[in-house]
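# Coordinate analysis (summary)
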Amino acid sequence: GDFDGGYALSQQAKNLWESNWRATAAACDHAPMDEIDSLFASLHSYWAKEDDAHFAGSCAELVQLVQAVADAHRLSWWNLL
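Reference entry: report on the structure contained in this document. (Residues numbered from 1 in each chain as written. Predicted model: local features only at pLDDT ≥ 70, side-chain atom pairs only at ≥ 80, totals over all residues. Heavy atoms only, no water.)

Bringing the overall build of the protein into the picture now. Per the secondary structure count, the protein includes 3 helices and 0 strands. Scanning the protein from its N terminus toward the C terminus, one meets helices and strands in the order α-α-α. Residues counted as buried form 22% of the 81 residues belonging to the protein. Residue pairs in contact within the protein that sit at least 24 positions apart in sequence constitute 61% of those at least 6 positions apart. Here the protein has roughly 5500 Å² of accessible surface; of this, 59% comes from carbon and sulfur atoms. (Helix = DSSP H or I, 4+ residues; strand = E, 2+ residues; numbered from the N terminus. Buried < 20%, exposed > 50% of the residue type's maximum accessible area, 1.4 Å probe, protein only. Contact = heavy atoms within 4.5 Å. Areas by Shrake-Rupley, 256 points an atom, 1.4 Å probe, with all protein chains shown as cover.)

All right, on to the nonpolar core then. Judged by nonpolar contacts, Y7, W17, M33, I36, L39, F40, L43, F55, L62, L65 and V69 together constitute the single largest core of 11 residues. Mapped by element, the contributors of at least two residues to this core are α1 (2-25), α2 (30-48) and α3 (52-80). For this core, the element with the highest residue contribution is α2, accounting for 5 residues. Those residues within four positions of W17 in sequence are excluded, and the remaining contacts are M33, I36, D37, F40, V66 and V69. (Core = buried A, V, L, I, M, F, W, Y, C linked by side-chain atoms within 4.5 Å.)

Tallied over the full model, the rule gives 1 salt bridge. In this structure, K14 and E18 form a salt bridge, with 3.3 Å as the shortest nitrogen-oxygen distance. Of this pair, K14 and E18 both sit in helix α1, 4 residues apart, roughly one helical turn. Judged by its relative accessible area of 44%, E18 falls in the partly exposed class. (Salt bridge = Lys/Arg side-chain N within 4 Å of Asp/Glu carboxyl O.)

Let us look at the packing of aromatic side chains. Under the definition given, this model contains 1 aromatic pair. When the ring of Y7 is compared with that of W47, the centres are 4.2 Å apart and the planes differ by 10 degrees; the resulting orientation is stacked. In this pair, Y7 sits in helix α1 while W47 sits in helix α2, placing the two residues 40 residues apart along the sequence. Note on Y7: relative accessible area 13%, which makes it buried. (Phe/Tyr/Trp six-rings, centres within 6.5 Å; stacked < 30°, edge-to-face > 60°.)

This is the structure:
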């Protein structure tokens, strides 16, 4: 159903995050990155429990945190130019 589709999409996002983790870590504060890693890890647990409320909440938090890291990363590269 929709919940399984959301989980599959979250795993694609996790793979993308992990593939870019090293480059991002070089220029960013690790605290939000650790929180993002933790949220991705919790998604599987919420999916397994069919806890759609916490799953959706974690996805929303992930969007905000990843956007903040992306903004900080862009800003840090801009400052280096």
